[in-house]
Amino acid sequence: MTTLSMVTRQAARRLAQCLSASLRFSTSGSGRGSAGFASAAGALRGHRTALNAPLRAAGLVSPAWLSGGVQPRAAAAAGRGYAASGLPPHTELGMPALSPTMSQGNIAAWKKKEGDEIAAGDVLCEVETDKATMEWEAQDEGFLAKILVPEGTKDIPVGAPVAVVVDDAGDVGAFSDYTPGAAPAAAAEPDEAPAQEQAPAEEGGGGGGGSGTYPPHTVMGLPALSPTMSQGNIASWKKKPGDEVAAGDSLAEIETDKATMDWESQDDGYVAALLVKDGAKDIAVGSPVLVFVEDQDAVDAFKGYTLEDAKGGAPKNDAKPAKPAPAEKPKKEEPQPSQPAKPAPAAPAQGAPAKGGRVIASPYARKLAREAGVDIANATGSGPGGRIVAADVQQLTEGDGGAAPAPSQEAPAQGAPAAGEWTDEVHSQVRRITAQRLLESKTSVPHYYLTVDVRMDKLLALRSQLNKALEKDGAKLSVNDLIVKASALALRKVPGVNASWFPEYIRQYHDVDVGVAVQTPGGLMVPVVRDADLLGLNEINATVRDLAAKAKANKLKPDEFSGGTFTISNLGMFGITEFSAIINPPQAAILAVGSSQPRVVASPDGGFAEAHIMAATLSCDHRVVDGALGAQWLATFRGYVEEPSTMLL
């Protein structure tokens, strides 16, 4: 890890200013009116029982939430955490699940201290999981009010509270003596309804939407099967209602942002109900998808169980007709009148200004609105103080009122054909996420490009010689295998390129893990060759072949496509002579390789000779790799390719 010099910081700041001159984003915040938070708290009390089960199943529920206190950030649609004990609005963050098999983790190091401002994407801390040490990134902006567990704390269960975040810097001081569990206890005293609703949640055995009307059960949410997964598709169910399940059995095939993966059961029991069908798309992580019971006799009780039941529909109203029902109905009826015609103006005034005003929305809600092509100002905010949350944007896109005008007005402006025939292909999950990340890279990373011509004659001769020796083993080296090796050795020799940008420092990686871009039927994938500088050419060849085959079959595991430090994109086999690639964040560079072409070049004796020349273009993040450093790396790479025997030294 390299601390940024003042010169580097100033240069990076200027580059960012130049890049974003036409990309002005207003920072979103939360309304802080006491009435808004009081109504949000009421909504939380009314819906807590229904939300407990799917959140618990996804490992996202903190003890404070289960006991009636603050809310985990994952349940953004329900509003921000609020305690009635006099504490300001806040969110209690639980230990996240950073790998599919993670059940507990260690806090290796906090990257933020109490009082620090947090932006979406900032690293809160380094968490040691069952697989590796990984960075935990913030999903929203705010201020770190309290660190609940110190550095070095071990074996923290997933979901256990570890930090408190607030929206306003002025609220930080109120949490100097905060301890988990204290505020929720005080919050439950003034109101009888929350205390009454805790019992059904336990009575249902963690079960999802019912009070005592269903046998003990667990509503399971869609799991996060990769570190970057925020939503997924059900490719196919492997179990049907009534089937017995053992720990390790595959429940379903889930299409993530990277690959199609098996969702394995963590416990023994029976599938009582499937809440979504095969082929269901864009399901948010944590959303209820399956009901699980321990007793086979309980399966029949869930024949009519629906997704609405899991979200807290009819069973809850039947069980509590007295006080919660009148409190909930105004909440549920408010969005409905806002969609038709006249009552709408009252709601936008609470959520977002109708024209010209500042829109108060969470970053995730803004992201959803951008992807859906809708104007977020048309959404009605249901969060604290009228803040627009993800559920509001989803409601906007599902209804006719807010979503339709924006796309229909934009389509003619984009030059869409007025007549003729066409076929619309629905985006795969891989293609959609790839498009999103490449757009973010191109608009937020200051790219620049360096191109060099590399003479390939000696490398091609060496490859031919090695392939003759490998014929008896049935192996055959490709030009790309030698390119991977030369790139890895150049990264080892010029480590400044093997790095990533962070707001307060540049991180130099000690391992050289090279990603190789592979085109698949579903989109672009980048499997990673670990420790490529230490592998022999035959090992690189076998690794790349295996990973490419898995990528094309959508069978890559998370550790096979994540964590690369550098990427190579080779289009030479398609006859492309030269191109520029888009950097794969958080990496600092990507090498674009074209085909080798015969050219007439000057020979050392003053005459002319034919040589095979390949164009190699290095795309660099100017915040990390200055021009001289990029040129140094390219010169080193060219040296290894033009004199391949030096790769043995």
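Keep in mind it's a predicted model, so treat the numbers as computed, not measured.

Asks: Can you help me understand unusual backbone geometry in this one?
Replies: Backbone geometry follows two general trends: most residues other than glycine have a negative phi, and most peptide bonds adopt the trans configuration. Along the chain, P585 connects to P586 via a cis peptide bond; the corresponding omega equals 5°. On the secondary structure map, P586 appears in the loop between β25 (566-570) and β26 (589-602). Even without a glycine there, the phi angle at D282 is positive, about 55°. Looking at the element boundaries, D282 is found in the loop between β15 (269-274) and β16 (283-284). With a relative accessible area of 35%, D282 lands in the partly exposed category. Not every positive phi belongs to a glycine, and N554 is a case in point at roughly 60°.

Asks: Looking at this model, I keep getting lost on the pattern of salt bridges. Mind explaining?
Replies: A side chain with one charge may pair with a side chain of the opposite charge, provided their charged atoms come close. With the rule as written, the count across this model stands at 18 salt bridges. Note that E253 and K238 form a salt bridge whose closest N and O atoms lie 3.9 Å from each other. Residue E253 is found in strand β13 (residues 250-255), and its partner K238 is found in the loop between β11 (231-237) and β12 (244-245); the two are separated by 15 residues along the sequence. In this structure, D621 engages R623 in a salt bridge whose closest nitrogen and oxygen atoms are separated by 2.9 Å. Both residues of the pair, D621 and R623, count as buried. One network of salt bridges, with partners in common, ties together K111, E126, E135 and R507.

Asks: Would you take a moment to explain the environment of D375 for this structure?
Replies: In this fold, D375 is placed in the loop between α11 (363-372) and α12 (390-398). Looking at D375, the relative accessible area reads 39%, which means it is partly exposed. D375 sits 22 residues away from T397 along the chain, and the two C-alpha atoms are 9.8 Å apart. Reaching out from D375, the side chain makes a polar contact with the backbone nitrogen of A377 at a distance of 3.0 Å.

Asks: What am I meant to see in the packing of helix α17 (residues 479-493) against helix α18 (residues 537-552) here?
Replies: To characterise two packed helices, one gives the angle between the axes of the helices and the distance between these axes. Contact pair α17 / α18: the axes reach a minimum separation of 9 Å and the direction vectors enclose 115°. If you check the angle between α17 and α18, you find them roughly perpendicular. The interaxial crossing formed by α17 with α18 has right-handed handedness. Facing α17, whose interface residues are D481, L482, V484 and K485, α18 presents L537, I540, N541 and V544. Along the lines of polarity and charge, the residues of the contact of α17 with α18 split into five nonpolar, one polar and two charged.

Asks: Can you help me understand the nonpolar core in this one?
Replies: It is characteristic of soluble globular proteins that their nonpolar side chains tend to be buried jointly. W263, V514, F566, L591, W633 and F637 are the most contacted members of the largest nonpolar core, which has 76 residues in total. Residue contributions to this core peak at eight residues, all from α17. Look past the residues within four positions of W263 in its chain and what remains in contact with it is M220, G221, P223, L225, W237, D249, S250, L251, A252, I254 and V289. The next biggest cluster of nonpolar side chains, apart from the first, holds 20 residues, and it includes L93, W110, L124 and L144.

Asks: What is the right way to look at a nonpolar patch on the surface in this model?
Replies: A cluster of nonpolar side chains, namely M573, F574 and I576, defines an oily patch on the protein surface of about 340 Å² accessible area. With respect to the helices and strands, F574 occurs in the loop between β25 and β26.

Asks: Can you walk me through the packing of α17 against helix α20 (residues 627-642) in this structure?
Replies: Look at α17 against α20: their axes get within 9 Å of each other, and the N-to-C directions meet at 135°. Judged on the interaxial angle alone, α20 and α17 are oblique. Classified by chirality, the crossing of α20 by α17 is right-handed. Along the contact surface, α17 presents I483, A486, S487, L489, A490, L491 and K493, while α20 presents W633, T636, F637, Y640 and V641. Looking at the contact of α17 with α20, its residues break down into nine nonpolar, two polar and one charged.

Asks: Help me understand the sheet that holds strand β27 (residues 608-621) in this model?
Replies: Note on sheets: strands pair through backbone hydrogen bonds, and any given pair is parallel or antiparallel. The strand order β18-β27-β26-β25-β21-β24 describes an open sheet built from six strands, whose pairing is mixed. Every interior strand has two partners, whereas the edge strands, β18 (447-455) and β24 (528-529), have only one. Bridging between β26 and β27 involves twelve bridges; their strand directions are antiparallel. Among the inter-strand pairings, S596 is bridged to a residue of β27, identified as M614.

Rules and cut-offs
- Residues numbered from 1 in each chain as written.
- Predicted model: local features only at pLDDT ≥ 70, side-chain atom pairs only at ≥ 80, totals over all residues.
- Heavy atoms only, no water.
- Helix = DSSP H or I, 4+ residues; strand = E, 2+ residues; numbered from the N terminus.
- Buried < 20%, exposed > 50% of the residue type's maximum accessible area, 1.4 Å probe, protein only.
- Salt bridge = Lys/Arg side-chain N within 4 Å of Asp/Glu carboxyl O.
- Polar contact = N/O pair within 3.5 Å; in protein donor to acceptor, adjacent residues only side chain to side chain.
- Axes fitted to C-alpha atoms, helices over the stretch in contact; angles between N-to-C directions.
- Parallel < 35°, antiparallel > 145°, perpendicular 65-115°, else oblique.
- Left-handed = near helix turned anticlockwise from the far one by under 90°.
- Contact = heavy atoms within 4.5 Å.
- Nonpolar A, V, L, I, M, F, W, Y, C, P; charged D, E, K, R; others polar.
- Core = buried A, V, L, I, M, F, W, Y, C linked by side-chain atoms within 4.5 Å.
- Patch = residues over 30% accessible without salt bridge, like charges linked within 9 Å, V, L, I, M, F, W, Y side chains within 5 Å.
- Areas by Shrake-Rupley, 256 points an atom, 1.4 Å probe, with all protein chains shown as cover.
- Pairing = 2+ DSSP bridges.

Everything listed here is a matter of coordinates, which is why it stays silent on function.
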